[in-house]
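Analysis of the macromolecular model
Single-letter residue listing:
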Amino acid sequence: MCRVVPVPPVPPNSETHFSSDTDFEDIEGKNQKQGKGKTCKKGKKGPAEKGKSGNGGGKPGGPNRMNGHHQQNGVENMMLFEVVKMGKSAMQSVVDDWIESYKHDRDIALLDLINFFIQCSGCKGVVTAEMFRHMQNSEIIRKMTEEFDEDSGDYPLTMAGPQWKKFKSSFCEFIGVLVRQCQYSIIYDEYMMDTVISLLTGLSDSQVRAFRHTSTLAAMKLMTALVNVALNLSINMDNTQRQYEAERNKIIGKRANDRLELLLQKRKELQENQDEIENMMNAIFKGVFVHRYRDAIAEIRAICIEEIGIWMKMYSDAFLNDSYLKYVGWTMHDKQGEVRLKCLTALQGLYYNKELNSKLELFTSRFKDRIVSMTLDKEYDVAVQAIKLLTLVLQSSEEVLTAEDCENVYHLVYSAHRPVAVAAGEFLYKKLFSRRDPEDDGILKRRGRQSPNANLVKTLVFFFLESELHEHAAYLVDSMWDCATDLLKDWECMNSLLLEEPLNGEEPLTDRQESALIEIMLCTIRQAAECHPPVGRGTGKRVLTAKEKKTQLDDRTKITELFAVALPQLLAKYSVDAEKVTNLLQLPQYFDLEIYTTGRLEKHLDALLRQIRDIVEKHTDIDVLEACSKTYHALCNEEFTIFNRVDIARSQLIDELADKFNRLLEDFLQEGEEPDEDDAYQVLSTLKRITAFHNAHDLSRWDLFGCNYKLLKTGIENGDMPEQIVIHALQCTHYVILWQLAKITESSSTKEDLLRLKKQMRVFCQICQHYLTNVNTAVKEQAFTILCDVLMIFSHQIMTGGRDMLEPLVYTPDSSLQSELLSFILDHVFIDQDDDNNSADGQQDDEASKIEALHKRRNLLAAFCKLIVYTVVEMNTAADIFKQYMKYYNDYGDIIKETMSKTRQIDKIQCAKTLILSLQQLFNEMIQENGYNFDRSSPTFSGIKELARRFALTFGLDQLKTREAIAMLHKDGIEFAFKEPNPQGESHPPLNLAFLDILSEFSSKLLRQDKRTVYVYLEKFMTFQMSLRREDVWLPLMSYRNSLLAGGDDDTMSVISGISSRGSTVRNKKTKPATGKRKYMHLTEESSSSDSMWLNREQTMHTPVMMQTPQLTSTIMREPKRLRPEESYMGVYPMQPEHHQAPLDYNTQVTWMLAQRQQEEAARQQQERAAMNYVKLRTNLQHAIRRGTSLMEDDEEPIVEDVMMSSEGRIEDLNEGMDFDTMDIDLPPSKNRRERTELKPDFFDPASIMDESVG
């Protein structure tokens, strides 16, 4: 939306003069011009008289003009639309040329202006002079509507390209300049403005969207320009009245009677002009705005709301009242975000001016709740502007917003959307932190605990604790970073509050408050050092400007100089508090380590290292130990001179830990002695410390694999090892292997190193596999996670990137390991929420623990699906995962769907076979539970069908890309359906025949020619008696056959397939179709050729070798016979059904197919018709029901023609108490003006305004 800023009131030294003398003289001159215009008011010329007086005033005539434009600047015979479209000339000169043309011949000039509006709408029609003279506006508009081509897309106001980029702004500017240049004479001649307003009003009521949009935009910009004229008239009237009063108050001897009469005449003419402007504005407001602010098109509604906001801001005396504010209030309930956004921006311009607050009190009281609710708008831009508007309301009057209103905004500082959070942070700062007590002025220069920021920091801590979102301190800091930088960077004050004793009468911080302050302080330091929002806010790191880089360096220097000294003191004070120590130990990550040397702070570094060592010895908490490890890692940077000092301290610490661990382990594993709890605790605490350090540091020289292997081996043999010891031993061993792999990869290694790592890795995988069957769930989860990581790292992917020397390390899991991994997933992931007893230590099963448990299960499933995607395990194992898609859609639907997508990219055919396998497994499970005589309308069977439908949707619209995969899916499905013959004989259906009902969900994904081929393949399994059966038990076969016959004779190829297939030839639309015998022969040839091609797929199709199928322990259906690679991909239709038939070669197959067709055609036609009609009716009914009750489809939101969100009842409630009696535009009287006539009554009914109909 291009917003044209209205012309401001003219200053005293311009055309609208404010001083008495110049104003009098100027107005006198202008009255002469107005007099010319006023003469037209006496009697309007008829059509025959138009143009006869155009040459008055001695102006040169037409030789040098065409269509009202000078033949200058190389522009000849151009209409107004072309001139504005070029955008080269200044708009002032364009309007001046048109005014000269209007004075020469106003009919020609107006005709050009009318065509300008028509052409701006994208209409190719032209209003001729004959039409202008003899046709009414409605007839002209009807004629233009007939010539309008809405499908062409040529709409100048929205067209793309450099030529049209600025057209909209030029269009709006032209209207504003036109009124401004005509404001002293032409607009009062009762001809030009009447014609334009009448035309725009008619166009705004058109059914053509472009006409309605263009005319509404023009009318609203015209109204804005007239409001500016009315404002200037009001100023002139005030000046004239003041001059008149001053002259009349003079003594009689000095009073100039002629001047008094002249001022009276001037005031009278100004009043007449103002009345004229009021009439024009009333015509536009009632004829256009009142109807179009509720138009069906959101952009048109937005235009109206944007402009009424300008009117109220520009001329508040006339427009800023409840009669106009109500339109903005109502439209805040609009369904389109762009319209609601315009409402808020319009209101921001009003609330920004504190002088207007008194006129907004009633509006604020009525619509405040709506504005507060809009802070949670689904459109983030709307929510941001709603918060900014509330901030302006807060600044204007703090009493307006209640505590509840403010709290609704406060919590948005934790929003993941940064603009919303920043706006809420500014609101929070204005409300709680911007006020300063007068007594603080005397202590502005004090620092630390006595600084004025001390109380504000405490307020921030109190707010953070009361918000009950303690883990989101980083979001709170980021929200307030832009508006409260000085407060958040006052680290000296924060440090003083933590270290110094409270002053007399000051309450000390509680333990909880100190923890919160340390967390906030850490977040502010991180924000200053990294200069980007926390994770979850923002798309990533952006490039810093030079100024930002300098600020970043200055802040890091300031942080280092302060906390290099203070951090050891803080650690010493809070050394026993795990939460505080964990946060404090993260500070060195943001230090400028060079300052330790340049600032001669080595003694403080030694003090820091001593404190860290003490903390390692005191704590066994994983978070604390990992924080210590990361701190050592940050300080051990070889680029700085402090490296040696830190490295020595680290090595001494690890030496002690490793010696202690070996000593304790030897005692712990002595045979014949039962380990006591104290020994187990010592081993566990030491192992925790070593594991935490091994995560970030290479401890290979301490050879930790042997002792951990011994520990894990003993746990397997005895079965009584404490679970935490096993968990950390597994983790530590994992780190050992990863560090060895990193060392081999980064440097040249010997063959012995590779073999040793290979042996250790294989042994470790066997240990993890043993622990998959442990009785303890936590141990099993740890073993599973580590095993998935190791299998992923040491898969064939390890050789990518030119690392062929690592080929000996490649490890492929055998079938038993794959089966155990799958069993773990089925037993620990696909479970009901109530069955998950992961809270072994007696936690309450509250909502938070459920979310945490679900998050853990999702990670386990993702780890296994990663193995499937990267072909570490066979793709067939995914069948047990895919079949859970519907049942666990809410928990794991996204993971399973992504796995399907990735596997399809790897191998379409194998993925299709896996999908059909999952459906077969579900079908077998249902048979085992309900028997073969189940009800096909049962929820279980319907659920399998729905799953098949969802699987079919994942294949997309491009049928050519999935052609072979869909064909293979049908082949496997048909074979499964006829696999188990009925023991009662061929007169009874095969036991799995109902599976065809499920398979029919995929029929729509077949190409036309493939449907025929699949139909032929289906007939090979059918006997002649089967084709004659019409009982209910045979309905699945009838339904499936008809789904293959549907569309078999028409060319129903996918549009996308036709476009995207490069190798296929698509018939051109312009090509005439074959007729008569040619058409029949063409279809016959096409049918036989396509059938032959698919029947011969065995010889022509080349696909990858099939992966081995594991022995799936949790799978219901088992395949006793394993396919050989040459049997797996022989073709989509190898034509080897499991019936007792001799194998057929290719020629026999074709001959049999054609003969079978000829024999059965006559007998089948009559019998098929009744069955087809029945099944089609049944299928249509199923589709209708499915469309009405789709479960999880991402359906498009229906288009609702209702353009307002509020109901009539709500509007009537909003109207209550508001004064809506001034709907006619009645400009306010001047300050010294006598009382005017009574205000006209409001003829609008709120209920009628909210009517659904759109004119």
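Residues numbered from 1 in each chain as written. Predicted model: local features only at pLDDT ≥ 70, side-chain atom pairs only at ≥ 80, totals over all residues. Heavy atoms only, no water.

Overview of the overall build of the protein chain
We apply this condition: For the purposes of this entry, the term helix denotes a DSSP run of H or I that reaches at least four residues, the term strand denotes a run of E that reaches at least two, and both are numbered from the N terminus. Per-residue accessibility takes into account occlusion by the displayed protein chains alone, with areas from the Shrake-Rupley method and a 1.4 Å probe.
When helices and strands are tallied, the protein chain shows 52 helices and two strands. For the protein chain, the accessible area works out to roughly 61400 Å², and carbon and sulfur atoms hold 49% of it.

Concerning the pattern of salt bridges
For clarity, the threshold we go by: Any Lys or Arg side-chain nitrogen found within 4 Å of a carboxyl oxygen on Asp or Glu counts as a salt bridge. Partly exposed residues are those whose accessible area sits between 20% and 50% of the maximum for their type, while under 20% is buried and over 50% is exposed, using a 1.4 Å probe and protein chains only.
Taken as a whole and assessed by the stated rule, the structure comprises 37 salt bridges. Where Lys-945 meets Glu-1001, a salt bridge forms, and the shortest distance between an N and an O atom there is 3.5 Å. Within this pair, whereas Lys-945 is found in helix H40 (residues 939–953), its partner Glu-1001 is found in the loop between helix H42 (995–999) and helix H43 (1008–1021), the two being separated by 56 residues in sequence. Residue classification places Lys-945 among the buried residues on the basis of a relative accessible area of 10%. Taken together, the shared-partner salt bridges connect Lys-913, Lys-971, Asp-972 and Glu-975 into one network.

Comments concerning unusual backbone geometry
For residues besides glycine, phi is generally negative; the peptide bonds are generally trans as well. Notably, Glu-190 is not glycine yet its phi reads approximately 60°, a positive angle. Assignment of secondary structure puts Glu-190 in the loop between helix H7 (167–181) and helix H8 (192–204). Residue classification places Glu-190 among the partly exposed positions, given a relative accessible area of 29%. One non-glycine residue, Arg-600, adopts positive backbone phi at about 55°. For Arg-600, the position within the fold is in the loop between helix H26 (594–598) and helix H27 (602–618). Assessed through its relative accessible area of 72%, Arg-600 is described here as exposed.

Concerning the nonpolar core
Across soluble globular proteins, nonpolar side chains show a tendency to be buried alongside one another. Our working definition: To define a nonpolar core, start from buried Ala, Val, Leu, Ile, Met, Phe, Trp, Tyr and Cys residues and group those joined through side-chain atoms within 4.5 Å. Note on contacts: a residue pair qualifies if any of its non-hydrogen atoms lie within 4.5 Å across the two residues.
With 329 residues, the main nonpolar core has Phe-171, Phe-174, Ile-881 and Phe-978 as its most contacted residues. Sort the elements by how many residues they give to this core and helix H9 (residues 209–248) lands first, with 17 residues. Residues in contact with Ile-881, not counting those within four places in the same chain, are Leu-822, Ile-825, Phe-830, Leu-861, Phe-864, Cys-865, Ile-868 and Ile-896.

With respect to the confidence of the model for the protein chain
Should pLDDT be low for a region, the predicted coordinates there are not to be read in detail. Selection criterion: Within a predicted model, pLDDT stands for the predictor's per-residue confidence, ranging from 0 to 100.
Averaged over every residue, the pLDDT of the protein chain is 77; the share at 70 or more is 74%. Taken as a whole, residues 838–844 scores under 50 in pLDDT and shows four contacts with residues more than four places along the chain or in a different chain. A low-confidence stretch, residues 1230–1255 (pLDDT under 50), is modelled with 56 contacts involving residues beyond four sequence positions or located in other chains.

Examining the packing of aromatic side chains
Selection rule: Aromatic rings from Phe, Tyr and Trp, taking only the six-membered ring of Trp, are treated as a pair when their centres fall within 6.5 Å; an angle between ring planes under 30 degrees marks them as stacked, one over 60 as edge-to-face, and anything in between as tilted. Only when the NZ of Lys or the CZ of Arg is both within 6 Å of the ring centre and within 35 degrees of the ring normal is a charge said to sit over the ring.
For the structure shown, the criterion picks out 41 aromatic pairs. Here the aromatic rings of Phe-148 and Phe-211 are separated by 5.1 Å at their centres, their planes lie at 55°, and the arrangement is tilted. With a gap of 63 residues between them, Phe-148 in the loop between helix H6 (137–146) and H7 and Phe-211 in helix H9 connect regions that are remote in the sequence. The pair Phe-148 / Phe-211 is uniform in exposure class, with both members buried. Here the aromatic cluster, defined as three or more aromatic residues joined through ring pairs, consists of Phe-285, Phe-289, Tyr-293, Trp-311, Tyr-315, Phe-319, Tyr-324, Tyr-327 and Trp-330. A cation over a ring is seen here: Arg-106 above Tyr-191, with NZ or CZ 3.9 Å from the ring centre. Of note, Arg-904 hangs over the ring of Phe-955, and the distance from its end group to the ring centre comes to 4.3 Å.

Some points on helix H45 (residues 1035–1045)
H45 sits mainly inside the fold: 10 of its 11 residues count as buried. The complete set of buried residues in H45 reads Leu-1035, Pro-1036, Leu-1037, Met-1038, Ser-1039, Tyr-1040, Arg-1041, Asn-1042, Ser-1043 and Leu-1044.

Quick look at the environment of Phe-171
Relative to the assigned elements, Phe-171 resides in helix H7. Among the residues examined, Phe-171 registers a relative accessible area of 0% and is labelled buried. Taking the C-alpha atoms as reference points, Phe-171 and Lys-85, 86 residues apart in sequence, are found 8.4 Å from one another. Aside from chain neighbours lying at most four places away, what touches Phe-171 is Val-84, Phe-116, Phe-117, Cys-120, Leu-157, Thr-214, Leu-217 and Ala-218.

Here we look at H8
As a reminder of what qualifies: To estimate the expected span of a helix, count its residues, drop one, and scale the result by 1.5 Å.
The first and last C-alpha atoms of H8 sit 18 Å apart over 13 residues, in line with the 18 Å expected at 1.5 Å per residue. Of all the residues in H8, the buried ones are Met-192, Met-193, Thr-195, Val-196, Ile-197, Leu-199, Leu-200, Leu-203 and Ser-204. The inward-facing, buried residues of H8 contact helix H3 (91–104), helix H4 (106–120), helix H5 (129–134), H6, H9 and helix H10 (257–292).

Side note on the side chain of Ser-204
Looking at the secondary structure, you find Ser-204 in helix H8. On the basis of relative accessible area, Ser-204 is assigned to the buried category, the value being 0%. Setting aside its immediate chain neighbours within four residues, Ser-204 contacts Arg-212, Ser-215, Thr-216, Gly-287, Val-288 and Arg-292.

Focus on the packing of helix H30 (residues 677–696) against helix H32 (residues 723–746)
Put simply, the rule is: Think of each axis as a best-fit line through the C-alpha atoms, taken over the contacting stretch in the case of a helix, with angles from 0 to 180 degrees between the N-to-C directions. By definition in this entry, angles of less than 35 degrees are roughly parallel, angles greater than 145 are roughly antiparallel, angles of 65 to 115 are roughly perpendicular, and the rest are oblique. Left-handed describes a crossing in which the near helix is turned anticlockwise from the far one by less than a right angle; the clockwise case is right-handed.
With their axes 9 Å apart at the nearest point, H30 and H32 run at an angle of 30° to one another. In terms of orientation, H30 and H32 fall into the roughly parallel class. Seen along the crossing, H30 lies across H32 with a hand that is left-handed. On the side of H30, the interface is formed by Ala-680, Val-683, Leu-684, Leu-687, Lys-688, Ile-690, Thr-691, His-694, Asn-695 and Ala-696, while H32 contributes Gln-724, Ile-725, His-728, Ala-729, Gln-731, Cys-732, Tyr-735, Val-736 and Trp-739.

Let's talk about the environment of Ile-895
Mapped onto the secondary structure, Ile-895 falls in helix H38 (residues 889–906). Taking C-alpha positions, Ile-895 is 9.8 Å from Asn-859, a pair spaced 36 residues apart along the chain. Discounting residues that sit within four places of it in the chain, Ile-895 has contacts with Arg-858, Leu-861, Ala-862 and Cys-865.

Observations concerning the packing of helix H11 (residues 298–314) against helix H14 (residues 337–351)
A pair of packed helices is captured by two measures, namely the crossing angle of their axes and the spacing between those axes. Put simply, the rule is: Side-chain classes are defined by residue name, with Ala, Val, Leu, Ile, Met, Phe, Trp, Tyr, Cys and Pro counting as nonpolar, Asp, Glu, Lys and Arg as charged, and the others, Gly among them, as polar.
At a minimum axis separation of 8 Å, H11 and H14 run at an interaxial angle of 5°. With respect to their mutual orientation, H11 and H14 come out roughly parallel. Across the interface between the two elements, Ala-298, Glu-299, Arg-301, Ala-302, Ile-305, Glu-306, Gly-309, Met-312 and Lys-313 from H11 touch Glu-338, Val-339, Lys-342, Cys-343, Ala-346, Gly-349 and Leu-350 from H14. Of the residues assigned to the contact of H11 with H14, the class counts are eight nonpolar, two polar and six charged.

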